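Secondary and tertiary structure notes
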Amino acid sequence: MRGLFNSIGGHRTSVLALVIGFVTVFLLIAITTTSLGLHRSNLIVDHQTRLAMLNGHIGQQVAQSISGAQQLLKGIASTLSLVDAKAGEINERLIALKSNAPQLMDLLILDRNGEIAYWTGNGTPPSVKDRPYSSIYREQPSTEVWVGEPKLSRVHQDQWFFAVSIPVRSSNNDVVAILVAIIKTDYLRDVLMQLVDDPNISASISHSNDKVYAQINRNTNTGPKLSLTQELRSHPFKVTTECEYQTVLSSYQDIQLWASLATLILVFCVCCLTLLLLLRIRKQARLSIEDPLTKTLNRREFMRRGEDELTACQRYDRNFSIIMLDIDNFKAINDSRGHRVGDLVIQNVGKTLNNQSRNNDIVARYGGEEFVILLPETTDDEASQAAEKLCHAIRTLKTKANKQVVQVTASLGVAQWRAPTEGLESVIERADQALYQAKALGKDRVVKSGEEI
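Position labels on residues start from 1 in each chain and follow its written sequence. Reporting of local features is limited, given that this is a predicted model, to residues whose pLDDT is at least 70; pairs of side-chain atoms are given and counted only at 80 or more, and all residues count toward the totals for whole chains, interfaces and linings. Excluded from the side-chain calculation are hydrogens and water; included are all heavy atoms of the structure.

Considerations on the nonpolar core
Take the buried residues of types Ala, Val, Leu, Ile, Met, Phe, Trp, Tyr and Cys, join any two whose side-chain atoms come within 4.5 Å, and each joined set is a nonpolar core. Buried, partly exposed and exposed residues are distinguished by accessible area as a fraction of the type maximum, computed with a 1.4 Å probe on protein chains only: under 20%, between the cut-offs, and over 50%, respectively. By size, the foremost hydrophobic cluster in this structure holds 42 residues, and its most contacted members are Ile 58, Phe 162 and Phe 237. Every helix listed is a DSSP run of H or I at least four residues long, and every strand listed is a run of E at least two residues long, numbered separately from the N terminus. In terms of residue count, the dominant contributor to this core is helix α2 (residues 12-80) (eleven residues). Any pair of residues with heavy atoms lying within 4.5 Å of one another is described as a contacting pair. Excluding residues that lie within four positions of it along the chain, Phe 237 makes contacts with Val 62, Ile 66, Val 147, Phe 162, Leu 188, Ile 205, Ser 206, Tyr 213, Gln 230, Glu 231 and Leu 232. Membership of the second largest hydrophobic core comes to 27 residues, among which are Phe 330, Val 345, Leu 375 and Ala 383.

Next comes the structure, spelled out in structure tokens:
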């Protein structure tokens, strides 16, 4: 290597030029060999985004259809009390509603026993006691809206449907009737045909148990496919769209080197910006939970973590204690030495509390010269011992300022959580009252809540 450097003059500029040359060649080779891969990845991401948006549109349309059927049934339920109990009038009402909703195959009203009392069909209604919507409200009393899987109709020959049902309950929450909307699965196929206008994309709508309501299959090959499935949050439906990789990558060979280079630069810039953003977010997150002067937690973060600890104690039958600490005669320090010295004192006290506390203790600046510590799985006696050590540590703490040494003391109050009904604020309040007792008794001491003085 030394001979190589000598052959090119041995100057730093030559070495730098050699390094830049090697790096440039490496980058050119890397860009050339990865450009096709980048373009292929972008094509796949673009198609995944497109499929995701298409899934969203289909899912939204399906959800609106189910919500429409649900609102229709609720409307029937709300008007039943206004209709005289005559079968003819109720049937006419149902038939009129059905005629205005082409997606409906039938509307049913079941009695409390699960038999059809009224319907929009002709003749004697079939028995539906084996249909899930007839028994679901007895098996699962809390169910309010039920959507069924696709079934073959017993009345409409060779036609498939799915049911949407809601219960009508009495004042004591007993089911007195079941309202059912029988929806044609062909309606869902019409939704697919309307929304999926790309001849290269296949789509299907299925139940959460994978039984298919409707589908359109436009894949002509048996090769690998790009597929995306989205489940509806409010209903047991899944929407799946897919297309062949051969179609996705049809423009794969048309990539140009300059486009790959631009893509790589863009990715690099995005990564750099993302890194900077993450660093800034991390810094902001730290500042949002930390007191900038003492590096202890701030009051808001203490309350959040304290509530988490309270929940854990309630769940696992544990306990915790609170120590409230206030620097004695701090106003006199500010008045006589200045706020800068006062800040140094608070800073040193906060550092002492952090150093003297256990790893799982929660230390925070509560406000001004007041601090609070939550000690998990600690009784008030154990917390009092810890508080005595803190009281001694602060008493012996020396703060150097303006060639002078400032020493302070602190008063501490201790309170243990009274499980399971007491809230965090109450424990803090009791510890604060004990702190004021310590002040009243002469300061520089520890007082436990409820302790006889």
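There is more to say after this.
Let's talk about the confidence of the model for the protein chain
Scored from 0 to 100, pLDDT records how confident the predictor is in each individual residue. Per-residue confidence for the protein chain averages 83 on the pLDDT scale, and 82% of its residues sit at or above 70. The low-confidence segment residues 1-11, where pLDDT is below 50, has six contacts with residues more than four positions distant or belonging to other chains.

Considerations on the sheet that holds strand β12 (residues 362-367)
Two strands make a pair as long as DSSP finds a minimum of two bridges between them. In spatial order, the strands read β12-β13-β11-β16-β17; together these five strands make up an open sheet with mixed pairing. Edge positions in the sheet fall to β12 and β17 (446-448), since each has one partner strand and no second. Put simply, the sheet's adjacent strands are angled 20° from each other on average, direction ignored. As defined by bridge partners, strand β11 (residues 320-327) adjoins strand β13 (residues 370-376) across seven bridges and the pair is classed as antiparallel. By the bridge assignment, Ser 321 is partnered in β13 with Leu 375. Every axis in this analysis is a line fitted to C-alpha atoms, fitted for helices over the stretch in contact. Angles between the N-to-C directions lie between 0 and 180 degrees.

Here's the deal with unusual backbone geometry
The backbone of Asp 158 shows a phi angle near 60°, a positive value even though the residue is not glycine. If you trace the backbone, Asp 158 turns up in the loop between β4 (151-152) and β5 (160-169). With a phi close to 80°, Asp 210 is a non-glycine residue in the positive phi region. Looking at where Asp 210 falls in the secondary structure, it is placed in the loop between β7 (201-207) and β8 (212-216). Among the residues examined, Asp 210 registers a relative accessible area of 52% and is labelled exposed.

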